[in-house]
2 protein chains.
Amino acid sequence: MQNFEFQCDTKIIFGKGAQSRVGELTAQHSKNILLVYGGNSVKRIGLLDEVKASLTQNGVNFTEFGGVVANPRVSLIREGIKIVREKNIDFLLAVGGGSVIDTAKGIGLGALYDGDVWDIYIQKAFPDKMLPVGCVLTIPAAGSESSDSNVVTNEETTEKNAYGHPCMRPRFAIMNPELTFSLPNYQTACGGMDIMAHIMERYFTNEKFVETSDRICEGMLKTMIHNIPIALKENDNYNARAEIMWMGSIAHNGFNGMGRIEEWTNHGMEHQLSAIYDIAHGAGLAIMFPAWMKFVVKKNPDKLIQFAREVFNIDYNYYSPINTALAGIEALENYIKSTGLATRLSDVNIGDENIEKMADMLTNGGKHNVGSYVSLSKEDVMEIYKLAL
Amino acid sequence: MQNFEFQCDTKIIFGKGAQSRVGELTAQHSKNILLVYGGNSVKRIGLLDEVKASLTQNGVNFTEFGGVVANPRVSLIREGIKIVREKNIDFLLAVGGGSVIDTAKGIGLGALYDGDVWDIYIQKAFPDKMLPVGCVLTIPAAGSESSDSNVVTNEETTEKNAYGHPCMRPRFAIMNPELTFSLPNYQTACGGMDIMAHIMERYFTNEKFVETSDRICEGMLKTMIHNIPIALKENDNYNARAEIMWMGSIAHNGFNGMGRIEEWTNHGMEHQLSAIYDIAHGAGLAIMFPAWMKFVVKKNPDKLIQFAREVFNIDYNYYSPINTALAGIEALENYIKSTGLATRLSDVNIGDENIEKMADMLTNGGKHNVGSYVSLSKEDVMEIYKLAL
């Protein structure tokens, strides 16, 4: 087990009607806030009105800032920073999913940084302070509601990059599973895949003697595999929605990766995909993970054998252990398909036209390898994209 | 799943040599602290000298306050409060196990409360502030290093009571598994039992659809059952010590009980035992848990069947499901014995002389029942103590 530091101080308010507390919680931090949200869904379910009423009741002035889209844009973050500075706003309330929260985090970082906010995402600046952010979560997926990082897309350069710092954990996260009843099945499936990916990126490690987090990750994955299909069949099943929503946070607040050397190559490969093709992050992960597994299993099957046994209850193949791993990969791919997601690039009309470009972006033109479970060259990354075709 | 709130902001510094950071971390909070510890063990392993040197290097003045014993006494806490007030101390550094940390918490609460500190433990006062506490942990067991509660014994009245409030989470917890290599096997076993009990008190619930925490609790218990015997055989096995130490914190920081209705009757019954007989908390739990299980299995076998299946891999007995549960209880009792702990009161020379007194204390003279998994009257509690004889 590796040495580690861990602190997650986000206050979680979880359950039916939890959003009624948003005004009270926000007022503890500020009376002059930016209210960040996306499009129509928070209006349609009446959430935005409810949040605004609660803020007003608690004497909180808010400036509305809507229009966040999936794969959130740095251009919108720049606009937000301008408004925050003009109005001396000192708190950001995100009402929505990961893109909305990540936008709020970007505004919060950028507002306290003198240069252009994109500097932060190209390793030109490393801020250690952020305007405080609170969340009312509507999509369990990204885990940004209690994570210490965010991901932003630069639509001009088609780059999608992440930044992380302990200062980036939200002050509070309000989570009511009922707010997710109206999610389209596609978003439920994509969110579920994102949550599973956050667990798997931590699970696939060469670090030995990390039994605590192995067992926790395996239990988390089994819970997801059980509950996503229930939520897809019965959209208003509170119990399944609750398991998924709580899991979304604890899958990515970091504690289940402590002591491990984490992976994250699949996120890297997916970020290249969604930066160019603007596909949903979870949809991209659903395609990349099986392809990555098929490539790395030949070089390092051990953890994939464990994954097959402990997550999918595959019988151990004593005569050919690698077949245990292969059966696990097949089980994962079948599970993903059963949730309605594609597992091939061709299924989402993506061809091989940008494979080298994406591999170049990920490996800095082939100058450095990526991945820790198996170290991957530019050529290896290209091979994985090809396996995903 | 129940609605819940959760926040744990303790900063964890985990791994080899972690204690070298104690001065730096403490100095971020105060330069005038009380250094709370127990007896000789922290001196013998050189830890106390190392801590003092690190404090001095970082310009922290400390007043030493040693002599904490297991089942920590309110009388010592009163002494600590006096010193803290006299010297205007505003931070408490606990170097030791749960008793030391619980003493520091008691001093921290009492120093900011006008009346006698024992008021807090008899529900006469409900403070919401505590002088900040930091910890260097030497015994994985109580989980007090990141929990929001403590337990204190009044040696005059032979009462052992708990208090909990969010303000009671330590600011930081330094955890180096190497510091636990020199623990006597008896303490390792008792600590392991305490950690398992913290998981089991949350696990045994009638709440349905708490799959996330079910799976996490089961994984935690399996990890403990695997690693405690390793640490007992190989005292300096870093890997096993690390699993146990990290588990001690996450088993009791509360997250694994979220959404559940928790139990805690075994802790209640044990506190009566150790208040009167001054036995180690873990030793008492090792006796009470199997007895409690044998009593409740007749009234409510379901979660005990799940426990047997998922924790001890007992085959399901389709013809007599309750026998599945009974086999699980037997497996737990055999496991406890294998760690060198007794599972009967008679093994630790305790007879039936105080059974009614203890049941009276727990049920307020029979006026109210205890327990949520199965509601227990005074007579039921007496029956459980008798089953433990």
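Residues numbered from 1 in each chain as written. Chains lettered and ligands numbered in written order. Predicted model: local features only at pLDDT ≥ 70, side-chain atom pairs only at ≥ 80, totals over all residues. Heavy atoms only, no water.

(A) View of the interface of chain B and chain A. Taken residue by residue, the interface counts 37 residues in chain B and 37 residues in chain A. When the two sides are added together, the surface that chain B and chain A hide from each other amounts to roughly 3400 Å², 53% of it contributed by carbon and sulfur. Where chain B touches chain A, the interface holds 4 salt bridges. For E5 of chain B, the salt bridge is made with R21 of chain A, and the minimal N-O distance between the two is 2.4 Å. (Contact = heavy atoms within 4.5 Å. Buried area = accessible area lost by both parts, 1.4 Å probe. Salt bridge = Lys/Arg side-chain N within 4 Å of Asp/Glu carboxyl O.)

(B) Molecular detail of the pairing of strand 7 (residues 159-164) of chain B. Residue and element names in this part refer to chain B. Bridging between strand 6 (residues 149-154) and strand 7 involves 6 bridges; their strand directions are antiparallel. Bridge pairing in strand 7 links S149 to G164. Connecting the antiparallel pair strand 6 and strand 7 is a turn made up of 4 residues, with T158 showing a positive phi of about 50°. (Pairing = 2+ DSSP bridges. Helix = DSSP H or I, 4+ residues; strand = E, 2+ residues; numbered from the N terminus.)

(C) Region of interest: the packing of helix 6 (residues 185-203) of chain B against helix 7 (residues 211-233) of chain B. All names here are of chain B. Two elements in contact, helix 6 and helix 7, have axes whose closest approach is 10 Å; the angle formed by their N-to-C orientations is 170°. Here helix 6 lies roughly antiparallel to helix 7, going by the angle between them. Of the residues in helix 7, those touching helix 6 at N185, T188, A189, G192, I195, M196, I199, M200 and Y203 are D214, C217, E218, M220, L221, M224, I225, I228, A231 and L232. For the contact of helix 6 with helix 7, the per-class residue count stands at 14 nonpolar, 3 polar and 2 charged. (Axes fitted to C-alpha atoms, helices over the stretch in contact; angles between N-to-C directions. Parallel < 35°, antiparallel > 145°, perpendicular 65-115°, else oblique. Nonpolar A, V, L, I, M, F, W, Y, C, P; charged D, E, K, R; others polar.)

(D) Seen up close, the pattern of salt bridges. Residues and elements named next belong to chain A. Under the criterion given, the structure shown has 36 salt bridges over all chains. Notably, a salt bridge pairs E356 with K378, separated by 2.6 Å at the nearest N-O pair. Residue E356 is found in helix 13 (residues 355-363), and its partner K378 is found in helix 14 (residues 378-387); the two are separated by 22 residues along the sequence. Classification of E356 by relative accessible area gives partly exposed; the value is 42%. Under the relative-accessibility criterion, K378 is labelled buried at 11%. (Buried < 20%, exposed > 50% of the residue type's maximum accessible area, 1.4 Å probe, protein only.)

(E) Just the relation of the copies chain B and chain A, in detail. Placing chain B over chain A gives an RMSD of 0.0 Å and needs a rotation angle of 180°, together with 0.0 Å of translation along the axis. Expressed as a symmetry operation, the mapping of one chain copy onto the other fits a two-fold axis. Taking the C-alpha atom as reference, chain B places D9 of chain B closest to the rotation axis, 2.1 Å from it. Most of the interface of chain B is mirrored in chain A, where 100% of its interface residues are also at the interface. (Least-squares fit on C-alpha atoms with pLDDT ≥ 70 in both.)

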